[in-house]
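These are the residues of each chain, in order.
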Amino acid sequence: MVNKMNHKKEEQMKEVIQTYGDLLYRTGYVLLGNPHDVQDILQEVFIKYMEKAPSFRDREHEKAWLLRVTVNTCKDCLRFQKRHTCSNLEEMENMCAVPTDTNLLKDVLALPLKYKTVLLLHYVEGYQIGEIARITGLSENAVKKRLQRGREALRRQLADDT
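This section reports on the structure supplied with the text. (Residues numbered from 1 in each chain as written. Predicted model: local features only at pLDDT ≥ 70, side-chain atom pairs only at ≥ 80, totals over all residues. Heavy atoms only, no water.)

Observations concerning the overall build of the protein chain
Applicable threshold: Going along the chain from the N terminus, every DSSP run of H or I of four or more residues is numbered as a helix, and every run of E of two or more is numbered as a strand. Whether a residue is buried, partly exposed or exposed follows from its accessible area with a 1.4 Å probe, protein chains only, as a fraction of its type maximum: under 20%, in between, or over 50%, in that order. Between two residues, a contact is recorded if the distance between any of their heavy atoms is within 4.5 Å. Only the protein chains shown count as cover for residues, and the accessible areas themselves come from Shrake-Rupley with a 1.4 Å probe.
Of the regular secondary structure elements, the protein chain holds 8 helices and 0 strands. Beginning at the N terminus, the succession of helices and strands in the protein chain can be written as α-α-α-α-α-α-α-α. Within the span of the protein chain, comprising 162 residues, buried residues form 25% of the whole. Restricting to contacts in the protein chain with at least 6 residues of sequence separation, those with at least 24 account for 54%. Accessible surface, the protein chain as shown: approximately 11,800 Å² in total, 53% of it carbon and sulfur.

Here we look at the nonpolar core
The condition is simple: The criterion is simple. A nonpolar core is a set of buried Ala, Val, Leu, Ile, Met, Phe, Trp, Tyr and Cys residues joined through side-chain atoms within 4.5 Å.
Ranked by size, the top nonpolar core spans 15 residues in total, and within it Val16, Leu24, Leu32, Ile41, Phe46 and Leu66 carry the most contacts. Going through the elements one at a time, α1 (2–32), α2 (35–52) and α3 (59–83) are the ones with two or more residues in this core. With 6 residues, α2 is the single largest residue contributor to this core. Setting aside anything within four residues of it in sequence, one finds Phe46 in contact with Met13, Val16, Ile17 and Leu24. Listed in part, the 11 residues of the second largest apolar core include Val108, Ile132, Ala133 and Leu154.

Looking at the state of the cysteines
Rules: Two cysteine sulfur atoms form a disulfide, by the criterion used here, when they sit within 2.5 Å.
Per the stated rule, a full pass over the model turns up 0 disulfides. With no disulfide of its own, Cys74 lies closest to Cys77 among cysteine sulfurs, the gap being 6.9 Å. Taking the relative accessible area as the measure of exposure, Cys74 reaches 0% and is therefore buried.

Here's the deal with the packing of aromatic side chains
For any pair of aromatic rings, the description consists of the separation of the ring centres together with the inter-plane angle of the planes. Counted only if it meets this: Aromatic pairing here means that ring centres of Phe, Tyr or Trp (its six-membered ring) are within 6.5 Å. Orientation follows from the plane angle: under 30 degrees is stacked, over 60 is edge-to-face, and everything else is tilted.
Tallying each qualifying case throughout the model produces 4 aromatic pairs. Chaining the aromatic ring pairs together yields one cluster made of Tyr49, Phe56 and Trp65.

A few points about the packing of helix α6 (residues 113–124) against helix α7 (residues 129–136)
For the record, the criterion: Only the stretch in contact is used when a helix axis is fitted, and all axes are lines through C-alpha atoms; the angle between N-to-C directions ranges over 0 to 180 degrees. An angle below 35 degrees is read as roughly parallel, one above 145 as roughly antiparallel, one from 65 to 115 as roughly perpendicular, and any other as oblique. Handedness of each helix crossing follows the sense of rotation of the near helix against the far helix: counterclockwise by less than a right angle gives left-handed, clockwise gives right-handed. Side-chain classes are defined by residue name, with Ala, Val, Leu, Ile, Met, Phe, Trp, Tyr, Cys and Pro counting as nonpolar, Asp, Glu, Lys and Arg as charged, and the others, Gly among them, as polar.
Contact geometry for α6 and α7: axes closest at 10 Å, N-to-C directions at 135 degrees. By the angle class used here, α6 and α7 are oblique. Crossing of α6 over α7 shows right-handed handedness. Along the contact surface, α6 presents Thr117, Val118, Leu121 and His122, while α7 presents Ile132, Ile135 and Thr136. Residue composition of the contact of α6 with α7, grouped by class: 4 nonpolar, 3 polar and no charged.

Comments concerning the pattern of salt bridges
For clarity, the threshold we go by: A side-chain nitrogen of Lys or Arg and a carboxyl oxygen of Asp or Glu constitute a salt bridge if their distance falls within 4 Å.
Under the defined criterion, the tally for this structure stands at 4 salt bridges. Via salt bridges that share partners, Glu15, Arg59 and Glu62 belong to a single interconnected network.

Any link to function would need more than the numbers given here.
Below, the structure is given as structure tokens:
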């Protein structure tokens, strides 16, 4: 009995994906512009579809629900990306003017997280020690010590590179 229900849900899910998958993908791609993000979004949409198991009046209602969930999930993704900006290493390397800057960047990124964080906040983002303390939840003395130890570790790495 349970196998029969699971098989029915699986068949229903396949039908929904075949029917609306391209439409939802195109919608997500227009909003996000990144195929990897769109794939993640569609997984979330189909998981919501399976979890909620909504009942629809007709196919148009189902289509509208899926489109609305896709658009809202894309908006959530865009909000998250706006709040949590990140750059990948290759983009950062391309921004380095001199090849030695790329090596320095790699050395900084190889540091332990506790040193890397305060060094990047201080030297790259331009935050003062007090601001870094508030951001990280550390005391100002702890931030100063991590900056000192991070610089020392970076010096050691740079000396090892030469």
